[in-house]
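# A structural walkthrough
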Amino acid sequence: MIVQLFPRPPSASRHICKSLSNVIRELSDHYALLLTCWGQGRDEGLAAEQLALDLANNLTSLEGPIALLRFEFSGSPFDSERLGQVKSLCQELNQNLGRLLHLSASLPEHLQSRLARQAGLLDHRNIGDVMAVLGVVEQSLKTGDPLPEVLPTPLLKRCHDFWDMRHVEISLSKELIRDENYRRFCVAVSAYLKFLAAVDDLVLVMKGTLGESHIV
C-alpha cells in the first residue's frame, strides 16, 4: 500500500537519461533532414549551424548535473562516467551531422552524388540500419532495458563493405589536393565515417551499461 500511495522519488540520473534520449531523437531528426537535403542543393542545410549550436548548448548544460551524479545514491545502471561518455558521443554526432548538413548546401552536387553512390549515404538499407540503431538507443536510455544482442552494427564496417562492393578506388593527386571542392568532399567523407563510428561506440557504451537481451 505504501509503494502504491507514495510516488517514485525523483532521480537526477533518470532525468539526465531522459534528456539524452531526447537528444538522440533530435539527432535522428537532423539525420533525416540531412538525407532530405543531400544532393538537392536546398537552403535548409545552411540552417545547420544554428541547429547544431542549439543542440550543443543543451548538451553543455548537462555537464554539471552529470558531474554531480557521483554524489547521488541511485539504483540506476547509469553512473556519472557512463552518462558522460554518452554525452560526449552525442556531441560528436552533433558536430559531424552539422558539418554534413552545411556541406549539403555548399558542396557541388556531383561530389554529393559521388559520396552517396560510393558510401551508401542514400541507400535505403543503410538508412534503415542507422535509424533502427538510434531508435533502440533512444528507447533504452528512457527505459533502462538492455539492447538486443544482434543489431545491424558495426555500421562503419557495413559502410566499408558497401564501398568494397562497388570496387571504388581512392585517387589522390596534386591537382585534386589543390581543388577546394575536392578537399571539402574529403571532409564530407570523414564526417560521415566519424558519424557512423560514433553510433557504433554509442551502442558499445549502452551494451556495456545495460547488457544484452534476445541472445541468439
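Residues numbered from 1 in each chain as written. Predicted model: local features only at pLDDT ≥ 70, side-chain atom pairs only at ≥ 80, totals over all residues. Heavy atoms only, no water.

Now for the overall build of the protein chain. Summing up its helical and strand segments, the protein chain has 10 helices and 2 strands in all. Going from N to C terminus, the protein chain has its helices and strands arranged as α-α-α-α-α-α-α-β-α-α-α-β. Burial statistics for the protein chain: of 216 residues in total, 41% are counted as buried. Restricting the contact set of the protein chain to residue pairs at least 6 apart, pairs at least 24 apart contribute 86%. Surface summary for the protein chain: the accessible area is close to 12,100 Å², and the carbon and sulfur share equals 56%. (Helix = DSSP H or I, 4+ residues; strand = E, 2+ residues; numbered from the N terminus. Buried < 20%, exposed > 50% of the residue type's maximum accessible area, 1.4 Å probe, protein only. Contact = heavy atoms within 4.5 Å. Areas by Shrake-Rupley, 256 points an atom, 1.4 Å probe, with all protein chains shown as cover.)

What follows concerns helix α10 (residues 180-210). With 31 residues, α10 should cover 45 Å at 1.5 Å per step; its first-to-last C-alpha distance of 45 Å lies within 8% of that length. Two residues or fewer after α10 comes G211, characterised by a positive phi angle close to 85°. (Expected span 1.5 Å × (residues − 1).)

Quick look at the packing of aromatic side chains now. Enumeration over the complete set of coordinates arrives at 2 aromatic pairs. With centroids separated by 5.4 Å and ring planes inclined at 25°, the aromatic side chains of Y31 and F195 adopt a geometry described as stacked. Of this pair, Y31 sits in helix α2 (residues 12-37) while F195 sits in helix α10, placing them 164 residues apart in sequence. Since its relative accessible area comes to 1%, Y31 is described here as buried. Overall, the relative accessible area of 1% leaves F195 in the buried class. (Phe/Tyr/Trp six-rings, centres within 6.5 Å; stacked < 30°, edge-to-face > 60°.)

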